[in-house]
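Tertiary structure, described
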Amino acid sequence: MFKKVGYNYYMILYFSGCGNSRYVANYLATNLKSNILSVNEMLKTKCFNVKIDDSFVIVCFPVYFGRMPKILETVLYNLDLSNKFIYFIGTYYESPFDCAHYNQKFCKKFHYSYMGSAFVQMPQVHATFGKPSTEDEAYKIIAKATPALDSFVSYLKEGKPWPKRKFKKGFISHIVHPFAQLVIDKESSKKFKIDLTK
């Protein structure tokens, strides 16, 4: 069991495509009084020499076809996250599918300390991935998400690993994601030019 930690032990890293993950990251940062860092800004400015002194790192991101965005994986790989305890918080509309499995696999591959994955439903914004939520639907979804975010804060204040939750898995994370990622990478390359080596 981990000891209770102070709020300033956290660094929140977030990557946001449409604003949902930024909303979650800001909500957590406000309630934990923690540091926050935008991966989007890192990509735009090509500034990746970031020293993270905090013991706990919270990574917020949109779930793309059942996994973390590849461009975020690349940035995380090139940051020094050794000796850090890493939490993942994914935003989704339909289901995160088997995203937790791949988050854990990612940490194991690079010898990062995995503290688990949590997910929260947020409004559908991107028309490419389905019909966007109406304004009324969006307000209802965000209202429902607030208690979930508060529970995340409670666990984070205690430094506890996320409790495991079951989501429908299927073939989205395993089969659809690799092909969908090709399209996403193409679109991302128009916005961000990234050449990172370690």
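Up top is the structure these notes are about.
Throughout what follows, the structure given in this document is the object of discussion. Worth saying up front: this structure is predicted, and the values here are computed from it rather than measured.

Okay, the pairing of strand 1 (residues 10–14) next. Where burial is concerned, most of strand 1 is hidden: 5 out of the 5 residues are buried. Where burial is concerned, the two faces of strand 1 agree: the one with Tyr10, Ile12 and Tyr14 and the one with Met11 and Leu13 are both buried. Bridging between strand 1 and strand 3 (residues 56–62) involves 5 bridges; their strand directions are parallel. What sits directly across from tyrosine 10, in strand 3, is phenylalanine 56. The parallel pair strand 1 and strand 2 (residues 35–38) is bridged by helix 1 (residues 20–32), and the resulting crossover is right-handed.

Moving on: the sheet that holds strand 1. Strand order across the open sheet formed by 5 strands is 2-1-3-4-5, with parallel pairing between neighbours. Every other strand in the sheet has two partners, leaving strand 2 and strand 5 (113–121) as the edge strands with one partner each. Neighbour-to-neighbour, the strand axes of the sheet open up by a mean angle of 20 degrees, direction not taken into account. Packed on one face of the sheet, helix 1 meets strand 1, strand 2, strand 3, strand 4 (85–92) and strand 5 and runs near 155 degrees to strand 3. Where helix 4 (residues 99–109) meets the sheet, its contacts fall on strand 3, strand 4 and strand 5, and the angle it forms with strand 5 comes to roughly 155 degrees.

Parameters and conventions
Residues numbered from 1 in each chain as written. Predicted model: local features only at pLDDT ≥ 70, side-chain atom pairs only at ≥ 80, totals over all residues. Heavy atoms only, no water. Buried < 20%, exposed > 50% of the residue type's maximum accessible area, 1.4 Å probe, protein only. Helix = DSSP H or I, 4+ residues; strand = E, 2+ residues; numbered from the N terminus. Pairing = 2+ DSSP bridges. Right-handed = clockwise from strand over helix to strand, strands pointing away. Axes fitted to C-alpha atoms, helices over the stretch in contact; angles between N-to-C directions. Contact = heavy atoms within 4.5 Å.

Interpretation note: all reported values are geometric properties and have no functional meaning in isolation.
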